[in-house]
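Descriptive analysis of the structure
Each chain, written out:
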Amino acid sequence: MRLNNRVAVITGASQGIGRAVARCYAAQGASVAIVDINVSGGEETAALIHAEGGKALFVRCDIANQVDVNAAAAIIKAELGPIDILVNNAGITRPAMLHKMTGAEWHQVIDVHMHGSFYWLQAVVHDMIERQWGRIVFVTSSTAQNGSIGQINYAAAKSAMLGMVRTAARELGKYNILVNAIAPAAATEMTKTIMNDPKFAEAHAAALKQHPLRRSAEPEEIAPAFLYLVSEESSYVTGQILSVDGGSMMVR
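As a starting point, this report considers the structure included with it. These numbers come from a predicted model, not from an experiment. (Residues numbered from 1 in each chain as written. Predicted model: local features only at pLDDT ≥ 70, side-chain atom pairs only at ≥ 80, totals over all residues. Heavy atoms only, no water.)

1. Overview of helix α9 (residues 219-230)
The first and last C-alpha atoms of α9 sit 17 Å apart over twelve residues, in line with the 16 Å expected at 1.5 Å per residue. When we look at burial in α9, the residues that qualify are Pro219, Ile222, Ala223, Ala225, Phe226, Leu227, Leu229 and Val230. Residues of α9 that are buried in the fold lie against α1 (16-27), β4 (85-88), β5 (134-139), β6 (177-184) and β7 (241-244). (Helix = DSSP H or I, 4+ residues; strand = E, 2+ residues; numbered from the N terminus. Expected span 1.5 Å × (residues − 1). Buried < 20%, exposed > 50% of the residue type's maximum accessible area, 1.4 Å probe, protein only. Contact = heavy atoms within 4.5 Å.)

So, in structure tokens, the structure goes:
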């Protein structure tokens, strides 16, 4: 198995891409920490992994709170061992046109995506430096490069994550810590909420007509890319943004 004896943290693993990645890593031998504010969903992911013969631990955590993050990291280290892999996947959307967006809608998205990702990066990196090995994957979006109507908060947060990826990759490479990002296009509960919103449905339908594959991916189609970026096969890959979007970047 490709991840034997590795400890992996996946934030936002109560559903969607995070759940698919957690199950994929566990199937490859990793001990997986499912980090989420959604208790029922997180416990369900852990139960699925246990039923499949894998090892999983659910830890409730509000990633926008640094005290929560540090406490969760300490629990994971005590229960599973030092953290080898971090997937910064947790995210939320608060869609609104920019002239109607509230301060709360702006800060909620920034706090989860940008601040939460930084808090987790800082929480795991000291042990990775000491052990001279680590794999970190951020989940970004084509929205960071192209923008998206009604999501200026989300686009700004995802753009900030790209800066973190490239800076961390430069700083941490000498410690054999690789930092990359994946920009996926998958049908998850979060994206379906936007797709089904009448305010944005027309724009989404128009974009889908131009999509080379004419569809969004299922989370299970995205997970293998996450496996590649934390396995030994990617030992010379860092500071990269991998688009797993069915070619949609070509037509934007």
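2. Structural notes on the packing of aromatic side chains
Two aromatic rings are characterised by how far apart their centres lie and by the angle between their planes. If you walk through the whole model with that rule in mind, you get one aromatic pair. Note that arginine 6 overlies the ring of tryptophan 133, its terminal NZ or CZ placed 3.6 Å from the centroid. A cation over a ring is seen here: arginine 135 above tryptophan 133, with NZ or CZ 4.2 Å from the ring centre. (Phe/Tyr/Trp six-rings, centres within 6.5 Å; stacked < 30°, edge-to-face > 60°. Lys NZ or Arg CZ within 6 Å of the ring centre and 35° of its normal.)

3. Side note on unusual backbone geometry
With a phi close to 60°, glutamine 132 is a non-glycine residue in the positive phi region. In this structure, glutamine 132 sits in the loop between α4 (103-131) and β5. In this structure glutamine 132 comes out as partly exposed when scored by relative accessible area, which is 40%. With phi around 60°, asparagine 176 is a residue other than glycine that occupies positive phi space.

4. Some points on the sheet that holds β4
The strand order β3-β2-β1-β4-β5-β6-β7 describes an open sheet built from seven strands, whose pairing is parallel. If you trace the sheet from one side to the other, it starts and ends with β3 (55-60) and β7, each paired once. When strand polarity is set aside, the average angle formed by the axes of neighbouring strands in this sheet is 20°. Bridge count between strand β2 (residues 31-36) and β3: six bridges; the pairing is parallel. From the neighbouring strand, serine 31 faces β3, where its bridge partner is lysine 55. Sitting on the sheet, helix α3 (residues 66-80) touches β1 (7-11), β2 and β3, and the angle it makes with β3 is about 155°. (Pairing = 2+ DSSP bridges. Axes fitted to C-alpha atoms, helices over the stretch in contact; angles between N-to-C directions.)

5. Thoughts on the side chain of threonine 11
Of note, threonine 11 is situated in strand β1. Owing to a relative accessible area of 0%, threonine 11 belongs among the buried residues under this scheme. In contact with threonine 11, not counting residues within four places along its chain, are Val35, Ile63, Val87, Asn88, Asn89, Ala90 and Trp120.

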